[in-house]
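# Results of the structural survey
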Amino acid sequence: MSNLTNKRPIITHQNPKSPISEAYRTLRTNIQFSSVDGEVKVLMVTSAGPGEGKSTTLTNLAVAYAQADKKVLVIDADLRKPTMHHTFQVSNRSGLTNLLTNQLTILEVVQESLIPNLYIITSGPIPPNPSEILASKKMISTLEELRMQYDIILIDAPPAIAVTDAQIISTRSDGVILVVDSEKVKRDVALKAKQNLDNVRARILGVVLNNVDRKNKDAYYYYYYGESK
């Protein structure tokens, strides 16, 4: 088994039989069932604010898909505070920004991870105009091309409250998962994030609640599936 024992452990890879890993597989299954009205092939993951676990959720969900023999692509579209290159221990010398500014091709920016079936496009150099780059026609055409090459594409987006990046990316995605830290984020902030996404008619598939106080101390992740009230 490949080794990703760094400061950003991937629980679904290191301990696939744990209750947390099972929670991510449940999340994967629920997303698959949500595709009755249209296939979910490009999935964006965001949060209300920073530090709520969106990147951790996306990473473990990506591994869960890869373990189900899906060809998975992770795109780090958080062009302000990218983290995926650290998590997967790959170079961030070039990536999405180089691709969207026509400096490099898809073949030149896609990297293999140490996990079978899982590939990554890192953020690349941090640009001065992330929103404009993500809103470009090149982003649309790139995703259309990638759809034909991968079974599932997971996009790590910046928090939905601070900047418009997540709203922009959501309009290019088939579905959105909103990650909320139950101990950190106030209800009105979470609702504001949801409203920002609703304003651009994003298809919110559900909410992942982190740090839920449950009887089983291993069950840190809980998935609520359905329409938010």
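See above for the structure.
Since this is a predicted model, take the numbers as computed values, not measurements.

Further remarks concern the side chain of Arg147. With respect to the helices, strands and loops of the structure, Arg147 is situated in helix H8 (residues 137–147). On the accessibility criterion, Arg147 (18% relative accessible area) is buried. Here Glu144 takes part through its side chain, which lies 3.4 Å from a polar atom of the side chain of Arg147. Apart from the residues lying within four places of it in its own chain, the contact partners of Arg147 are Lys41, Val42, Ile153, Arg172 and Asp174.

Our focus in this paragraph is the nonpolar core. Counting residues in hydrophobic clusters, the biggest one holds 35 residues, and the most contacted among them are Ile75, Leu96, Ile121, Leu134, Leu146, Ile153 and Ile155. Not counting the four nearest positions on each side in its chain, Ile153 is found in contact with Lys41, Val42, Leu43, Leu73, Ile75, Leu146 and Arg147. In this structure, Ile10, Tyr24, Val40 and Ile115 belong to the second largest nonpolar core, which totals 28 residues.

Bringing the packing of aromatic side chains into the picture now. For the structure shown, the criterion picks out one aromatic pair. Relative to Tyr150, the ring of Tyr119 has its centre 5.9 Å away and its plane inclined at 65°; by these criteria the two rings are edge-to-face. Here the residue Tyr119 occupies a position in strand E4 (residues 118–121), and Tyr150 occupies one in the loop between H8 and strand E5 (152–156), the gap between them amounting to 31 residues. Using a relative accessible area of 6% as the deciding quantity, one classes Tyr150 as buried. Above the plane of the ring of Tyr119 lies Lys71, whose end atom (NZ or CZ) is 5.7 Å from the centre. For the cation-ring pair, Lys71 lies above Tyr150, with the distance from its terminal atom to the ring centre recorded as 4.9 Å.

We now examine the pattern of salt bridges. Across all of its chains, the model carries six salt bridges by this definition. In this structure, the salt-bridge partner of Asp78 is Lys54, at a minimum N-O distance of 3.3 Å. Here Lys54 lies in helix H3 (residues 54–67) and Asp78 lies in the loop between strand E2 (72–76) and helix H4 (84–87), a separation of 24 residues in the sequence. Here Asp78 matches Lys54 in class, with each residue buried. Asp174 serves as the salt-bridge partner of Arg147, at 2.9 Å between the closest nitrogen and oxygen. One end of the pair, Arg147, is in helix H8; the other, Asp174, is in the loop between helix H9 (165–170) and strand E6 (175–181), with 27 residues separating them in the sequence. Here Asp174 falls in the buried class, since its relative accessible area comes to 16%.

Cut-offs applied
Sequence order as written defines the numbering, with residues in each chain counted from 1. With the structure being a predicted model, the display of local features is reserved for residues of pLDDT at least 70 and the display and counting of side-chain atom pairs for 80 or more, all residues being used for whole-chain, interface and lining totals. Side-chain numbers here rest on the full set of heavy atoms in the structure, without hydrogens or water. Secondary structure elements follow DSSP: runs of H or I of four or more residues count as helices, runs of E of two or more count as strands, with numbering from the N terminus. The cut-offs for exposure are 20% and 50% of the maximum accessible area for each residue type, with area from a 1.4 Å probe on protein chains only; residues under the lower value are buried, those over the upper are exposed, and the others partly exposed. Counted as a polar contact is a pair of N or O atoms within 3.5 Å, where, for protein atoms, one must be capable of donating a hydrogen and the other of accepting one, and residues adjacent in sequence contribute only when both atoms are in side chains. Should any heavy atoms of two residues lie within 4.5 Å, those residues are counted as being in contact. Only buried Ala, Val, Leu, Ile, Met, Phe, Trp, Tyr and Cys residues count toward a nonpolar core, and they belong to the same one when joined by side-chain atoms within 4.5 Å. Between the rings of Phe, Tyr and Trp (Trp by its six-membered ring), a pair exists once the centres lie within 6.5 Å; its type follows the angle of the planes, with under 30 degrees stacked, over 60 edge-to-face, and the other angles tilted. Sitting over a ring, as applied to charges here, requires NZ of Lys or CZ of Arg to be within 6 Å of the ring centre and within 35 degrees of the ring normal. By definition here, a salt bridge exists when the distance from a side-chain nitrogen of Lys or Arg to a carboxyl oxygen of Asp or Glu is within 4 Å.

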